[in-house]
Amino acid sequence: MALVAAEGGTRRLAAVDDAAAALGLHVGQKAADAAALVPDLLTADYDPDGDRAALEILCDWCVRFSPAVAIDGLDGLFLDVEGVSHLWGGEAAMLDDLLARLERWGAPARGAIADTPGAAWALARYAKDRTIAPTGGQAPLLAPLPVAALRLDEAAQAQLPRLGLFQVGQLLALPRAQLARRFGLSTVLRLDQALGAAREALVFRRPATPWFDRLAFFEPISALSDLERVTGDICALLCARLEAEGRGARRFELVFHRLDGKDQPVRAGLSRPGRDAARIAKLLKPKLDTVDPGFGIEVVTLWAAEVEPLSSAQRGLDADDIDLKGGVGLGEGLAPLVDRLVNRLGQDRVWRADPHQSHVPERAVVRRAPLDPPSEDAWDPDRPRPARLLRRPEAIEVTAKLPDDPPVQFRWRGKSRRVRLAEGPERIGQEWWRKAFDEAGPGKVRDYYRVEDETGERFWIFRAGLYGDGETVPKWWLHGLFG
């Protein structure tokens, strides 16, 4: 079987299986020539986007082995397994478990472990399968490999064999200056990256974080009560580490890994950094109803993001105990309530209105997180604003004396209201320096009034435009409600 892709109007082989390669077919060969050589060749269209999507799913699945997983092209993955291999009984057992699972699901793969991504890439593709390089010992293992194992550019990879340089060991024997002058600095860089002399930055699919814990089970679990129990257990493990380091986190992601390889993530966020395991588990447990265990959950992982220093603090002057779990007063006040509301309703639906430097009412308010530090700006006590500002001003019918008297009566939403008390006007002009208010003129002037009707309800209404202007007839609008 082979995959076929169109390149410049010509259909060529983009990938071949082992059987096709044994018959002499290779990547880049014309599809017509391949069909002539192997008449019974099965072909399918090459789908790089589909391959990428499948690799991203596999990348997310690999979080059970490492919290830091990066995608390499369309056919590879990098896993940073430092500090986690002991959970499988060593690096060899961990690599065997990973490759065995992939092969069982019909996705055979090769793997290797080394100090550097470059060395691991080379050993996985060109050395014996499941090679594990000892610490600092990747050079002897790289030496007999072909130069293509260094991930060189096409020009260098084609030129080196013509000069009799076929193996990595031959490059290691050459003087560095001569190697860089003849084949470019990129060749030297790739060699240094493989040997660990130069660092290589990987783009992990999720932010790499050391704040990660994992629980594996002898038997798969599926009952909701079991899911709730392990949620509390793994939160206790991670929060104990955070407490020992004097830190707290704002975001937590709990992932249930099913037997069929699919992941079921559950997320929770805090308004302030915290490490109270019971509180975090309480935020996660209501979301467990959305988890589909399938044929069972075999592994659960938890990782924390936005980790910040968090000192302990005494609860009060007359308290002998110290709040080591929740941090500075997080166990009391509004923080627990805000966290519950945010996790149930959504982060964008719980907010606090703060003043903003603008005299136009629509722009004088900004949304901020409920427990963010207070803004330096403050509301002007001489210019009170309504508790509820309508999203858009609503047109009203008004009876008023000309030219600047407040309304005597107005009609809003089909109901007529007689004004008992009124205060104003407060004149607000357009912000002519902004694009949205670039049309100057009296028609943009607003005169605001605070009025109270006979039932005691208070409203904020305004007249847009001036009488006697001659260009436009002033209109009345209701913009907000007091109390």
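Everything below is about the structure shown above.
Residues numbered from 1 in each chain as written. Predicted model: local features only at pLDDT ≥ 70, side-chain atom pairs only at ≥ 80, totals over all residues. Heavy atoms only, no water.

**Some words on the pattern of salt bridges**
Applying the stated criterion across every chain, the model contains 31 salt bridges. For Glu200, the salt bridge goes to Arg151, with nearest N and O atoms at 2.9 Å. One end of the pair, Glu200, is in the loop between α10 (185–195) and β8 (212–221); the other, Arg151, is in the loop between α6 (138–142) and α7 (154–162), with 49 residues separating them in the sequence. Looking at Glu200, the relative accessible area reads 22%, which means it is partly exposed. With a relative accessible area of 15%, Arg151 lands in the buried category. In this structure, a network of salt bridges that share partners links the residues Arg64, Asp97, Arg101, Asp263 and Glu298. (Salt bridge = Lys/Arg side-chain N within 4 Å of Asp/Glu carboxyl O. Helix = DSSP H or I, 4+ residues; strand = E, 2+ residues; numbered from the N terminus. Buried < 20%, exposed > 50% of the residue type's maximum accessible area, 1.4 Å probe, protein only.)

**Things to note about the packing of helix α12 (residues 277–284) against helix α13 (residues 335–345)**
Contact pair α12 / α13: the axes reach a minimum separation of 10 Å and the direction vectors enclose 25°. In terms of orientation, α12 and α13 fall into the roughly parallel class. As for how α12 packs across α13, the hand of that crossing is right-handed. Along the contact surface, α12 presents Arg279, Lys282 and Leu283, while α13 presents Ala335, Pro336, Asp339, Arg340 and Asn343. Taken together, the residues that form the contact of α12 with α13 break down as three nonpolar, one polar and four charged. (Axes fitted to C-alpha atoms, helices over the stretch in contact; angles between N-to-C directions. Parallel < 35°, antiparallel > 145°, perpendicular 65-115°, else oblique. Left-handed = near helix turned anticlockwise from the far one by under 90°. Contact = heavy atoms within 4.5 Å. Nonpolar A, V, L, I, M, F, W, Y, C, P; charged D, E, K, R; others polar.)

**Considering the packing of aromatic side chains**
Two numbers describe a pair of aromatic rings. These are the distance of the centres and the angle of the planes. If you walk through the whole model with that rule in mind, you get nine aromatic pairs. Seen in terms of ring centroids, Tyr448 and Phe462 are 4.8 Å apart; in terms of plane orientation they differ by 40°. Their pairing is tilted. Placement of the pair is Tyr448 in strand β20 (residues 446–453) and Phe462 in strand β21 (residues 458–464), with a sequence separation of 14 residues. Using a relative accessible area of 1% as the deciding quantity, one classes Tyr448 as buried. Judged by relative accessible area, which is 3%, Phe462 ranks as buried. Judged by centre distance (5.9 Å) and plane angle (35°), the ring pair of Tyr449 and Trp476 falls under tilted. With a gap of 27 residues between them, Tyr449 in strand β20 and Trp476 in strand β22 (residues 475–482) connect regions that are remote in the sequence. By relative accessible area, which is 0% here, Tyr449 ends up buried. Through a chain of ring-to-ring contacts, the aromatic side chains of Trp61, Phe65, Trp88 and Trp105 assemble into a single cluster. Lying across the ring of Phe462, Arg446 places its NZ or CZ 4.9 Å from the centre. (Phe/Tyr/Trp six-rings, centres within 6.5 Å; stacked < 30°, edge-to-face > 60°. Lys NZ or Arg CZ within 6 Å of the ring centre and 35° of its normal.)

**Observations regarding the pairing of strand β2 (residues 10–16)**
Note that strand β1 (residues 2–7) and β2 share six bridges and pair antiparallel. Bridge pairing links Ala6 to Arg11 in β2. Between β1 and β2, which pair antiparallel in sequence order, lie two residues; one of them, Gly8, sits at a positive phi of approximately 60°. (Pairing = 2+ DSSP bridges.)

**A look at the nonpolar core**
Ranked by size, the top nonpolar core spans 27 residues in total, and within it Phe252, Leu254 and Phe256 carry the most contacts. Within the residue set of this core, elements represented by two or more residues are α11 (224–244), β9 (247–258), β10 (263–274), α12 and β11 (297–309). At seven residues, the largest contribution of residues to this core is made by α11. Residues Ala119, Leu123, Leu152 and Leu165 belong to the second largest nonpolar core, which totals 26 residues. (Core = buried A, V, L, I, M, F, W, Y, C linked by side-chain atoms within 4.5 Å.)

**So, the sheet that holds β9**
What the four strands build is an open sheet, ordered β8-β11-β9-β10; its pairing is antiparallel. What marks the edges here is a single partner per strand, and that holds for β8 and β10. Going across the sheet, the axis of each strand differs from the next one's by a mean of 15°, ignoring polarity. With eleven bridges joining them, β9 and β11 adopt antiparallel strand pairing. Bridged to His257 within β11 is Val299. Running over the sheet, α12 touches β9 and β10 and is turned about 130° from β10.

**Some details on a nonpolar patch on the surface**
Taken together, the side chains of Leu334, Leu337, Leu341 and Leu345 define a hydrophobic patch exposed on the protein surface, amounting to about 350 Å² of accessible area. Along the chain, Leu334 turns up in the loop between β13 (322–323) and α13. On the basis of relative accessible area, Leu334 is assigned to the exposed category, the value being 53%. (Patch = residues over 30% accessible without salt bridge, like charges linked within 9 Å, V, L, I, M, F, W, Y side chains within 5 Å. Areas by Shrake-Rupley, 256 points an atom, 1.4 Å probe, with all protein chains shown as cover.)

**Re helix α9 (residues 176–183)**
Considered for burial, the residues of α9 that qualify are Leu179, Ala180 and Phe183. For α9, the arc enclosing every buried residue in end-on projection is 100°, short of the 170-degree limit, so these residues lie on one face. Opposite its buried face, α9 presents the exposed residues Ala177 and Arg181, each directed more than 90 degrees away. Next to the buried residues of α9 lie α7, α8 (168–172) and α10. Within two residues after α9, Gly184 carries a phi angle of roughly 95°, on the positive side. (Arc of directions from axis to C-beta.)

Take it as geometry only, folks, not as evidence of what the structure does.
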